[in-house]
Structures are given as structure tokens and as C-alpha cells.
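# Geometric and topological summary
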2 protein chains.
Amino acid sequence: MDRASPIPFALSRLDRADARRRDPEFLGAHLRADETRTLALWRGRALVEADGKALRWLPPADVEPHRGLADTTIFLGLDGAAARFAISLGGDAPPDFPGASFVEARAAAMTLDLEDTGALAQARSLVEWHRNHPRCARCGAATEVCDAGYKRVCPGCAAEHFPRTDPVVIMLVHRGERCLLGRQPRFPEGLFTCLAGFVEPGETIEDAVRREVAEEAGVRVGAVRYLTSQPWPFPSQLMIGCLAQAESEAITVDGNELAEARWIARADARAVLEGAGDGTLWFPPPVAIARRLIAAWVDGET
Amino acid sequence: MDRASPIPFALSRLDRADARRRDPEFLGAHLRADETRTLALWRGRALVEADGKALRWLPPADVEPHRGLADTTIFLGLDGAAARFAISLGGDAPPDFPGASFVEARAAAMTLDLEDTGALAQARSLVEWHRNHPRCARCGAATEVCDAGYKRVCPGCAAEHFPRTDPVVIMLVHRGERCLLGRQPRFPEGLFTCLAGFVEPGETIEDAVRREVAEEAGVRVGAVRYLTSQPWPFPSQLMIGCLAQAESEAITVDGNELAEARWIARADARAVLEGAGDGTLWFPPPVAIARRLIAAWVDGET
């Protein structure tokens, strides 16, 4: 696998222009500038053009009527010299924008131009963080947005709160000509994917891989190799994709995280990836890093 | 460099025994069992034996008089069959434990047996998270500890809150025979280290490396290679160590994150690592992953 091959949510054409977040003059001048464009989200769904290929980037005139519904305006960065913002719209029904609609972000990522998916990941992670963290976790007071959406500050106790990104390990466990995949209880029969789990406080990436595989499937892992990463804005995860060498084979599923786990032969995995499986086994779509990890191993990476 | 060589905070002999966190019968039976041991922290400092080589693991009888001062009791895991807990003690002065003292965790990690440093990282990250997140970030109500310290639940709005781990990229930027190191404004003259910064929402590890190096030093980075990771419990970071190939050389420091940045010749870096420098340049101590990354590059990793 070409590790640099673009994966949804991992590619953006925006320069985050971090210093501009603390530049009220710049932000004031650009929020309503002609060339400024804004991505609207409603309940975590993104406004997408009818053909599904591009985000609908709204000009200031189209945003203005909805500002009263907006929780927060976030500066995403610069596309060339033009500013890009994200806005989260409230309301019980999605506001109407002719020729575009609010689409669930995973579904959107399957059809969007890849360069739009990074901005979507950035916007969705930040918007959801603000939605779910309006209060100070230290004293309970209502907090205020600062730095164009990258900080909340408590007027009561002065605590500063920053957007959260949760590291998650996701791993293709392999041993010789077989790899270990699991089915989560909420998955349909036959859908198998890589094992995954949150990195815990005080834990390395490599130990998180070993712990999760032991917990979920009862399999012992030795060497772990990092392969690639993907932002996953549901709500705000950093997927850390690894290949992991198993040192044991007997499977004991925990029944909680996984309904079943199975060793799958390389030839069978290749057939599924090529659409030539027997229909009893399938993998997540290419939007998921899991499929990339399976493909990397099928192609000989270890 | 041997990538598997132990680094402080990255090694633990505890089995986290995740399922036991939700097993009140187990927890109740073990909290005061004879073989149970508890690590006490006070203001983020850990109780360490006078010789600095081991954590003081308190038997139940030594913990009992202090339970009234404790915010939270956290289940760390199992050492063999024996349970290990962590407890955060309040009070204006450190409680007295003869033959041991409360030591700042970075200092402690420099002398502790490496197998004790992982438990310290785990305990400190969790304890500090509880100290700083007693309230619900959604509705402001006081939350309650669940799952032996791995969750807080809001009795008001039922929101669940999980301990936070912030991914940070730290990178040795190199180009030919030179590497790029920076001095932070709070550092003394001559102390240089790797560039680093938080991974932002909606960002890959590789893009975070490129963005941070561009922001802090104005240098363009191409290929990025992950090398190793380290938990850094100040308060709860996951340091993701990378090697990064520079594609430009001119330095422009931002003056905010860095006071200065400098290209350093491999021979000079090697001399510093070997204690044979001229005294005008030095690096962080071996407790820091930065020193490992510098050493890896000096030894030929790219």
C-alpha cells in the first residue's frame, strides 16, 4: 500500500493559520468579506452540494440570516488568501439551502472530493466539542468561546478548556497467512473489521494495542508497527493505525466489545477486498482506515 | 537506537484488568485486602521511598487514616493477583509517611525503577483529571466517579465523561547532517530540544508534525516517520515521537512557542549526548523522549 495515498478526513487544502485565531482585527475584517466562505453544520451533519462531491461553502450573504441560530463560529483557516469558517446551526429542522442538504459526515466522506474531507473533520470535531462542553468542568459555570473556537475560558474560575482529541489504536493483527478480525455486536452478520480501542492515560501506543487485543480477543501481541493515521470526527478521535504480530492463536472474545472474532486467510481477505468474496464476509468501506490496514497486510506489509 | 529500550513512564508491570473496574464485588473485596497496595499522590506528587528507587506502595492499614482526605480512589490494575490502587490526598501540607516523601513526578521518574514509572504515569494522569474535572462540562452539575475511576457520570443530565489523553507530536527534524532543535522561552540559554505540539481536531499525526514545524520555525517538512511513543502525565499527554525530513532550511521562529531555533550538526549533537560538548549546548535528560529522538537520528535513523 502507498501509505501516502489519501484517506477520507486526512486531506485538507486549508492552512490552519493558527496565529490568526488570536487576531481580532483579522477575524473581524474577514468574517463578512466577499471571498470568505463558511461551512454550515446542523446536528453534526454537513451542508453538501446535491451531487455529493463538494461541501457547500456559503458566502457571507447566505450565512447572515442564520447567525441568530448559530452556537459558535469557528475559524478553520485560509484557502489561499480567503478565510474559511464553520458554523453550527440550531433549530429543530435543518435550515433550507436550495441545491444542498445536510448529510451525515461518514456518508458525505464517501462521495466528497478528498480535499474537502479534512475541513469537514476539523469542523465537525470542533463543533461537536462546543456543543457538548458549554460548561466549565472545574466549577460548572457557563464558559465563553475564545481564539476563534479553539479555546473556552471560564469567567468564574478562569480555567481554560481546549478541544479534545482522543487517540484510538486500530490494528490489523496478523500471524503468518492469517489475520484477526472482529465483529462488534451492533454489526450485521459477516461484517468484520480491525480491533480498536482508546489509548488510556499513562499508556503507550504499543501497549494500548497489546492490551486491547488481549481484552477483546484473548490473543497475545508482540511487535507493533505504526502505519498511518486518520482523523475520525465522531466526535473527535485520532485513529492510530498499526500492524500487530500475534504470538498466540486461541480466541476468547469478551462478548462486550466483540460478538465474535475470527482468523481470516490472506486469500479470503484479498477476495473480499477485490469484490470476489463468497458473500459471507465483508469489510468496512474505504472511508475507514480499517480497510486500508487490511489491504496493507494483504499486500505484504507486516 | 533500540526502539524497544524502556523509556520512563512507558513501562508498567500492572495488568490494567479493565473488566474488574465494573466489578463492585471484586473492588469491595480487594480495596482492604492484605496484599492490596495503594499509591498515594498529593498535589500531583507521588509518594516515593527515601532512596528514590521505588514508589511507596501503601498497605491498607497505612491508607485507612487518610481516606477522609482522599478525593478519589482509582483501580490501577493487578500485580500478579494483588490489586493496586491510587489515591489522591488533599490537605494543605503533605501527609507524613516515615521513610518516604512526595516527589514531583518528573524528578521521581529519573531515579525510579522503570517498571514503577508506568503506574506513576497512569495514576498521575487519572488523579489530575479527576481534580480538574469535578463538574459536568455539559450541564455544570457535580459529577460522580464510576468504574473505579475511569468514568464520571452526571446525575443531572446523564452525560458520561471519560479521562482525557491529549496526543502530542514531538519530532526530530533533520536535513542531511544537521537537525533542527528549538529553545522555549522558559528554557535556560543553551538548552535545546525537539519541536512539539498538540495534534489538533481533524488532523493526522503527519500533518500535525508539518504544521507545528512550519508555525514554530518556518521550516517545511516532507516525509514523517513514527518512531516511538511515551505517556507524559503533565497532565495527560501521549507523546508521539517522529523523525521528520526538512525540505527547507531558513528559520523563522514565532517568538511565542520558541525563543530560538537552530540547525545543529550531527557531530555536535553526538558530543552533547556523550557528555563531551563544549558546554554551550545541552539537551533534556533521558526521561524525555526528545533525547531518544535526537539519539536515534545521531545513530543513523531517518
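Before going further, it helps to spend a moment on the overall build of chain A. If you tally the helices and strands in chain A, you get seven helices and 15 strands. Taking the principal axes of the C-alpha coordinates as reference, chain A spans close to 60 × 45 × 35 Å. At a minimum sequence separation of 6, the contacts of chain A that also span at least 24 residues come to 67%. Carbon and sulfur atoms provide 49% of the accessible area of chain A, an area that totals close to 12,100 Å².

Time to look at the pairing of strand β13 (residues 221-232) of chain A. Residues and elements named next belong to chain A. Most of β13 is tucked away: ten of the twelve residues are buried. Inspection of the sheet shows β13 paired to strand β14 (residues 237-246) by nine bridges, in the antiparallel sense. Bridge pairing links Gln-230 to Met-239 in β14. Hairpin connection of β13 to β14: four residues between the antiparallel strands.

The geometry of a pair of packed helices is captured by two quantities: the angle between their axes and the separation between those axes. Residues and elements named next belong to chain B. Two numbers describe how helix α6 (residues 266-273) lies on helix α7 (residues 289-298): the axes approach to 10 Å, and their chain directions differ by 130°. As the angle between them shows, α6 and α7 are arranged oblique. Handedness of the crossing formed by α6 with α7: left-handed. Contacts from Arg-266, Ala-269, Arg-270, Val-272 and Leu-273 in α6 reach Arg-291, Ile-294, Ala-295, Trp-297 and Val-298 in α7. A breakdown of the residues in the contact of α6 with α7 according to their chemical character gives seven nonpolar, no polar and three charged.

Below, the discussion takes up the interface of chain A and chain B. Accessible area lost upon the coming together of the parts is a frequently used measure of interface size. Of the residues lining the interface, 43 residues belong to chain A; the matching set on chain B comes to 43 residues. Between chain A and chain B, a total of about 3,600 Å² is buried, with carbon and sulfur atoms accounting for 52% of that surface. Summed over the shared surface of chain A and chain B, the number is six salt bridges. Glu203(A) is paired through a salt bridge with Arg16(B); the nearest N and O atoms lie 3.9 Å apart. Summed over the shared surface of chain A and chain B, the number is 20 residue pairs in polar contact (both at pLDDT 80 or more). Elements with a minimum of two residues in the side of chain A that touches chain B: α4 (114-132), β10 (166-175), α5 (205-217), β13 and β14 of chain A. Residue contributions to the side of chain A that touches chain B peak at six residues, all from α4(A).

A few words on the relation of the copies chain A and chain B. Superposing chain A onto chain B takes a rotation of 180° plus a shift of 0.0 Å along the axis, which leaves an RMSD of 0.0 Å. Considering both components of the superposition, the chain copies are consistent with a two-fold axis. Taking C-alpha positions as the reference, the residue of chain A nearest the rotation axis is Gly140(A), at 1.9 Å. Comparing contact sets, 100% of the residues at the interface of chain A also lie at the interface in chain B, consistent with an isologous, same-surface contact.

The geometry of an aromatic ring pair comes down to the distance between the two centres and the angle between the two planes. Tallied over the full model, the rule gives 15 aromatic pairs over all chains. When the ring of Tyr226(A) is compared with that of Tyr226(B), the centres are 5.0 Å apart and the planes differ by 50°; the resulting orientation is tilted. Here Tyr226(A) is found in strand β13, whereas its partner Tyr226(B) is found in strand β13 (residues 221-232) on a different chain. Centroid distance Phe9(B) to Trp232(B): 5.6 Å. Interplanar angle 85°. Geometry classified as edge-to-face. Of the two residues, Phe9(B) sits in the segment before α1 (24-31) while Trp232(B) sits in strand β13, which places them 223 residues apart along the sequence. Residue Phe9(B) is classed as buried on the basis of its relative accessible area, which comes to 0%.

Residues and elements named next belong to chain B. Looking at the element boundaries, Glu-144 is found in strand β7 (residues 144-146). The exposure class of Glu-144 is partly exposed, given its relative accessible area of 46%. When the C-alpha atoms of Glu-144 and Arg-178 are compared, they prove to be 52 Å apart, with 34 residues separating the residues in sequence. The contact partners of Glu-144, leaving out residues within four places of it in the chain, are Lys-151, Arg-152, Val-153 and Pro-155.

The next thing to look at is the sheet that holds strand β8 (residues 151-153) of chain A. Across a sheet, paired strands are connected by hydrogen bonds in the backbone, their directions being either parallel or antiparallel. All names here are of chain A. Pairing within the open sheet is antiparallel, and its three strands lie in the order β7-β8-β9. The open sheet terminates on both sides in strands that have one partner only, identified here as β7 (144-146) and β9 (160-161). In terms of strand pairing, β8 meets β9 through two bridges, oriented antiparallel. Considered in β9, the bridge of Val-153 is made with Glu-160.

The next thing to look at is unusual backbone geometry. Residues and elements named next belong to chain A. A cis geometry characterises the amide bond from Phe-234 onward to Pro-235, with omega recorded as 0°. The phi torsion at Ala-17 lies on the positive side, around 45°, for a residue other than glycine. Relative to the helices and strands, Ala-17 is located in the segment before α1 (24-31). Overall, the relative accessible area of 14% leaves Ala-17 in the buried class. Unlike most non-glycine residues, Asp-147 shows phi in positive territory, near 50°. Residue position: Asp-147 is located in the loop between β7 and β8.

Bringing the environment of Ile251(A) into the picture now. All names here are of chain A. As for its placement among the helices and strands, Ile-251 is situated in the loop between β14 and β15 (260-265). Taking C-alpha positions, Ile-251 is 16 Å from Met-171, a pair spaced 80 residues apart along the chain. Setting aside residues up to four positions removed in sequence, Ile-251 forms contacts with Leu-180, Ala-217, Val-219, Ala-261, Arg-262 and Trp-263.

Here we take up the pattern of salt bridges. Evaluation of the coordinates by the stated rule reveals 62 salt bridges over all chains. Between Arg211(A) and Glu212(A) there is a salt bridge, and its shortest N-O distance comes to 3.1 Å. With respect to class, Arg211(A) is no different from Glu212(A); both count as buried. When salt bridges that share partners are traced, they join Arg16(A), Asp18(A), Arg21(A), Arg22(A), Glu200(B), Glu203(B), Arg211(B), Glu212(B) and Glu215(B) into one network.

Looking at chain A as a whole, the pLDDT averages 95, with 98% of positions reaching at least 70. Overall fold confidence (pTM) sits at 0.97, and the ipTM for the predicted complex is 0.96.

About the cut-offs
Residues numbered from 1 in each chain as written. Chains lettered and ligands numbered in written order. Predicted model: local features only at pLDDT ≥ 70, side-chain atom pairs only at ≥ 80, totals over all residues. Heavy atoms only, no water. Helix = DSSP H or I, 4+ residues; strand = E, 2+ residues; numbered from the N terminus. Contact = heavy atoms within 4.5 Å. Areas by Shrake-Rupley, 256 points an atom, 1.4 Å probe, with all protein chains shown as cover. Buried < 20%, exposed > 50% of the residue type's maximum accessible area, 1.4 Å probe, protein only. Pairing = 2+ DSSP bridges. Axes fitted to C-alpha atoms, helices over the stretch in contact; angles between N-to-C directions. Parallel < 35°, antiparallel > 145°, perpendicular 65-115°, else oblique. Left-handed = near helix turned anticlockwise from the far one by under 90°. Nonpolar A, V, L, I, M, F, W, Y, C, P; charged D, E, K, R; others polar. Buried area = accessible area lost by both parts, 1.4 Å probe. Salt bridge = Lys/Arg side-chain N within 4 Å of Asp/Glu carboxyl O. Polar contact = N/O pair within 3.5 Å; in protein donor to acceptor, adjacent residues only side chain to side chain. Least-squares fit on C-alpha atoms with pLDDT ≥ 70 in both. Phe/Tyr/Trp six-rings, centres within 6.5 Å; stacked < 30°, edge-to-face > 60°. pLDDT = per-residue confidence, 0-100.

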